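# Observations on chain architecture
For reference, the chains in residue letters:
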Amino acid sequence: MLAALLFLLLASAGVSIYLALGISSALLFAADGESLSGFVQVIVDRLNSQTLMAVPFFVIAATFMRRGGMARTLVELADASVGGLPGGLALVAIFAATLFAAISGSSLATAMAMGTLLIPEMLRQSYDRKFAVGVVGASGTLGILIPPSLALIVFGVVAEQSVPKLFLAGVVPGLLQAALFALLVVFRMRNHPLPPRTTRRAPLRRALPALGLPAFAMGGIYSGLVTVTEAAALLAALAIAAGLASRSIRPGEVVPLLADAMRTCAGLILIVAFAMALGHWITISQIPARLVEASAGLELSAWQFLLLMNLVMLLLGAVLEVLSVILITVPIVLPLLPEFGIDPIHYAIIVVVNMELALLTPPIGLNLFVLSGISKAPLSEVIRGVAPFSIVLGALLLLVTFVPLLTLTLPKWVFG
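Residues numbered from 1 in each chain as written. Predicted model: local features only at pLDDT ≥ 70, side-chain atom pairs only at ≥ 80, totals over all residues. Heavy atoms only, no water.

### Quick notes on the nonpolar core
Core analysis: the biggest nonpolar cluster contains 136 residues, and M114, V135, F155, V185, F305, Y347 and M355 have the highest contact counts within it. With near-sequence residues (within four places) excluded, M355 lies in contact with I144, M313, G317, V322, V325 and I326. (Core = buried A, V, L, I, M, F, W, Y, C linked by side-chain atoms within 4.5 Å. Buried < 20%, exposed > 50% of the residue type's maximum accessible area, 1.4 Å probe, protein only. Contact = heavy atoms within 4.5 Å.)

### Notes on helix 4 (residues 54-67)
Helix length check: helix 4, at 14 residues, gives a terminal C-alpha distance of 20 Å against a target of 20 Å (1.5 Å per residue), a fit within 8%. Among the 14 residues that make up helix 4, 11 are buried, leaving the element largely enclosed by the rest of the structure. Those residues of helix 4 not exposed but buried are A54, V55, P56, F58, V59, I60, A61, A62, T63, F64 and M65. (Helix = DSSP H or I, 4+ residues; strand = E, 2+ residues; numbered from the N terminus. Expected span 1.5 Å × (residues − 1).)

### Structural notes on the environment of A239
Relative to the assigned elements, A239 resides in helix 12 (residues 228-245). Between the alpha carbons of A239 and A61 there is a distance of 5.5 Å; along the sequence they are 178 residues apart.

### Some points on unusual backbone geometry
A cis amide bond, omega 0°, links P147 with the succeeding residue P148. At E160, a position not held by glycine, the phi torsion is positive, near 55°. E160 sits in the exposed class, given a relative accessible area of 71%.

### Comments concerning the side chain of S390
Inspection of the secondary structure assignment puts S390 in helix 20 (residues 379-402). Apart from residues no more than four positions distant in its own chain, S390 is found in contact with L357 and L360.

### Focus: the pattern of salt bridges
Within the structure shown, the criterion is met by four salt bridges. Of the charged contacts in the structure, one is a salt bridge between R129 and E381, with a shortest N-O distance of 2.8 Å. In this pair, R129 is assigned in helix 8 (residues 129-140) and E381 in helix 20, connecting sequence segments 252 residues apart. With a relative accessible area of 13%, E381 lands in the buried category. The partner of D260 in a salt bridge is R263, with the nearest N and O atoms 3.6 Å apart. Linking D260 with R263, this pair stays in helix 13 (residues 254-284), spanning three residues, or about one helical turn. (Salt bridge = Lys/Arg side-chain N within 4 Å of Asp/Glu carboxyl O.)

### Observations concerning the packing of aromatic side chains
Following the criterion strictly, the structure yields three aromatic pairs and no others. Ring plane angle 90° and centroid distance 5.4 Å describe the contact between F181 and F389, whose orientation is recorded as edge-to-face. Taken together, the positions of F181 in helix 10 (residues 163-191) and F389 in helix 20 put the pair 208 residues apart, joining distant regions of the chain. Both residues of the pair, F181 and F389, belong to the buried class. (Phe/Tyr/Trp six-rings, centres within 6.5 Å; stacked < 30°, edge-to-face > 60°.)

### So, the confidence of the model for the protein
Regions with low pLDDT should not have their predicted coordinates read in detail. Mean pLDDT over the protein stands at 80; residues scoring 70 or higher make up 85%. Helix 18 (residues 344-358) holds the highest mean pLDDT among the elements of the protein, 93, whereas helix 14 (residues 287-298) holds the lowest, 61. (pLDDT = per-residue confidence, 0-100.)

Structure representation (structure tokens):
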């Protein structure tokens with residue numbers, strides 16, 4: 001109890017999440033009489049995962065694709081496809097973010113890339129700044145839902161679920177989210193029309209590498225030719241080769257870009273390491289078993305349980321980082337799912353959509369700070385801008401929660 005309170009105090013005081021998790025989990029182990037070497041051994045054992053090795057390779061691939069100009073080619077393709085419609089740049093933001101999400105695996109990377117490229121142009125074309133940051137910030141959340149999602153990889157490692165199945169489960173909800181955002185934009189632009197833009201010829205040939213590399217990696221996974229980790233390594237190697245071949249990346253930039261990717265990855269892995277240690281303590285302390293007994297006594301139905309978990313995750317997501325919420329809650333909740341007949345694959349997408357909302361929710365919502373920095377808009381203005389999209393995302397959360405077919409149909413169709 002004291003360690004949990006210490007974690008909340010450290011996190012709310014602005015201490016890095018990985019430090020708060022590390023100190024709290026170490027104290028819990030010490031309180032149980034475990035030595036420091038035992039604590040370290042648990043971390044080493046939990047990190048010894050072939051699937052988790054995919055994370056640095058996906059981060060490297062995203063770094064080189066972003067630096068190599070692939071984000072810009074995707075924006076140009078989206079602009080040529082829907083940019084000629086009234087309010088087309090807002091639709092471009094959604095379309096391009098959906099495409100870039102299939103490269104980055106990260107919400108922050110997607111929001112940053114799309115915001116840097118599109119917000120200045122939207123402001124130049126007299127879009128309301130609040131609306132511009134809202135549509136880009138909300139679209140950026142697709143980075144953790146559209147595969148390959150780093151959040152889904154981490155969920156798969158912690159819950160011991162098939163990552164390819166998790167990737168497929170995120171496809172339909174991700175496309176549905178993009179479609180709902182597009183409908184909201186069309187509705188807004190009907191009330192506040194902007195002059196249509198001139199549609200240019202689609203630069204499909206230039207966008208083929210950006211579209212082809214993720215398709216190649218996913219095709220390798222679902223054909224059974226490569227594992228997720230091998231596909232990630234191939235994607236990273238091809239992203240580096242494509243950047244060098246197009247001369248958008250100079251040979252001298254390769255090592256600094258690799259170092260930048262490793263810095264990003266190190267932060268993620270530290271969070272994963274200490275949160276896994278905390279999850280191990282939660283498991284051996286019999287907390288999940290006691291929760292199973294308690295939930296049986298409450299006689300909750302499956303829909304009531306899911307509603308309760310949505311509320312808990314929304315509250316946690318408002319004060320904690322995305323991966324921390326996944327890593328802390330999944331070991332506790334996973335043993336409860338069979339009691340309610342809930343498929344872990346379905347639950348994974350519920351968690352991720354909750355975390356998408358968390359990225360747009362103060363005080364921790366990271367997408368809010370990214371967009372505020374890019375647009376120079378006050379944080380309060382960014383919050384008001386994303387509010388309509390957050391409502392739509394809340395509606396999607398209810399759909400995903402109570403209509404399992406949205407998440408389970410594609411994995412069952414492919415894997416049986």
